[in-house]
Amino acid sequence: MEKRLAALRRMQALQNDIRRLGELKLAALQNQRASAEQTEARLVSYLDENHIYTPAYMKTIADKLQAVGRAKRRLTQEAENQAKVLLECRRRMGQVERALDHVAEDVRRAEERRELDAAIEAELNRKGASLP
């Protein structure tokens with residue numbers, strides 16, 4: 001029973017590490033998306049501020065805007081996928097925690113039974129030793 005408890009504690013620690021890594025990955029994706037949005041806003045402002053660009057420069061900016069738009073869509077999808085992974089990780093973590101609680105309770109009960117059995121045995125031995 002104690003081996004199962006130790007294994008569940010290791011699983012809980014592992015799930016917690018996986019969750020933290022997933023949260024870091026999601027935060028990185030969100031930061032990348034925010035950076036892409038800033039780049040997009042900067043490119044649009046270039047187009048809005050000054051209209052003396054050559055057509056080739058305008059095409060370059062338009063191409064970059066399209067690339068940033070694709071990157072934003074990809075990052076949004078990756079962030080959504082990572083959020084789903086985190087949700088699944090939290091679900092598994094809850095399962096491990098519930099199993100850990102049950103096994104810890106079983107271990108506690110078994111320990112109480114052993115202590116009670118030892119106390120009863122000691123009392124019987126003490127009474128048995130004092131009989132004529």
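The shown structure was predicted, so the numbers you read here are calculated from the model rather than taken from an experiment. (Residues numbered from 1 in each chain as written. Predicted model: local features only at pLDDT ≥ 70, side-chain atom pairs only at ≥ 80, totals over all residues. Heavy atoms only, no water.)

**Observations concerning the overall build of the chain**
Counting its secondary structure elements, the chain contains two helices and zero strands. In summary, the chain has a C-alpha radius of gyration of 31 Å against a globular reference of 14 Å for 132 residues, an excess of more than 25%. Across its three principal axes, the chain shows a C-alpha extent of roughly 115 × 20 × 15 Å. Counting all 132 residues of the chain, 20% fall into the buried class. Partitioning the contacts of the chain with sequence separation of at least 6, the portion at a separation of at least 24 is 83%. Carbon together with sulfur atoms contributes 57% to the accessible area of the chain, which is approximately 9,800 Å² in total. (Helix = DSSP H or I, 4+ residues; strand = E, 2+ residues; numbered from the N terminus. Rg over C-alpha atoms; globule rule 2.2 N^0.38 Å. Buried < 20%, exposed > 50% of the residue type's maximum accessible area, 1.4 Å probe, protein only. Contact = heavy atoms within 4.5 Å. Areas by Shrake-Rupley, 256 points an atom, 1.4 Å probe, with all protein chains shown as cover.)

**Examining the pattern of salt bridges**
Note on pairing: side chains with opposite charge can pair once their charged atoms come close. Using the criterion set out here, one finds 15 salt bridges in the structure. Note that Arg19 and Glu23 form a salt bridge whose closest N and O atoms lie 3.0 Å from each other. On the criterion of helical spacing, the pair formed by Arg19 and Glu23 is a turn pair, its members being four residues apart in helix α1 (residues 2-49). Arg19 gets classed as buried once you look at its relative accessible area, which sits at 18%. (Salt bridge = Lys/Arg side-chain N within 4 Å of Asp/Glu carboxyl O.)

**Here we look at a nonpolar patch on the surface**
Residues Leu116, Ile120 and Leu124 make up a contiguous nonpolar surface patch of roughly 290 Å² in combined accessible area. Here Ile120 lies in helix α2 (residues 55-130). Taking relative accessible area as the criterion, Ile120 reaches 43% and is therefore assigned partly exposed. (Patch = residues over 30% accessible without salt bridge, like charges linked within 9 Å, V, L, I, M, F, W, Y side chains within 5 Å.)

**Comments concerning the nonpolar core**
Ala36, Leu43, Leu47, Ile61, Leu65 and Val68 together form the largest nonpolar core, which totals six residues. Elements with a minimum of two residues in this core: α1 and α2. Each residue touching Val68, except ones within four places of it in the same chain, is listed here: Ala36, Thr39, Glu40 and Leu43. (Core = buried A, V, L, I, M, F, W, Y, C linked by side-chain atoms within 4.5 Å.)

**Some details on the environment of Glu23**
A relative accessible area of 30% means that Glu23 is categorised as partly exposed. The spacing of Glu23 and Ala7 is 16 residues in sequence and 24 Å in space, taken between C-alpha atoms. The residues contacting Glu23, other than those within four sequence positions of it, are Leu86 and Arg90.

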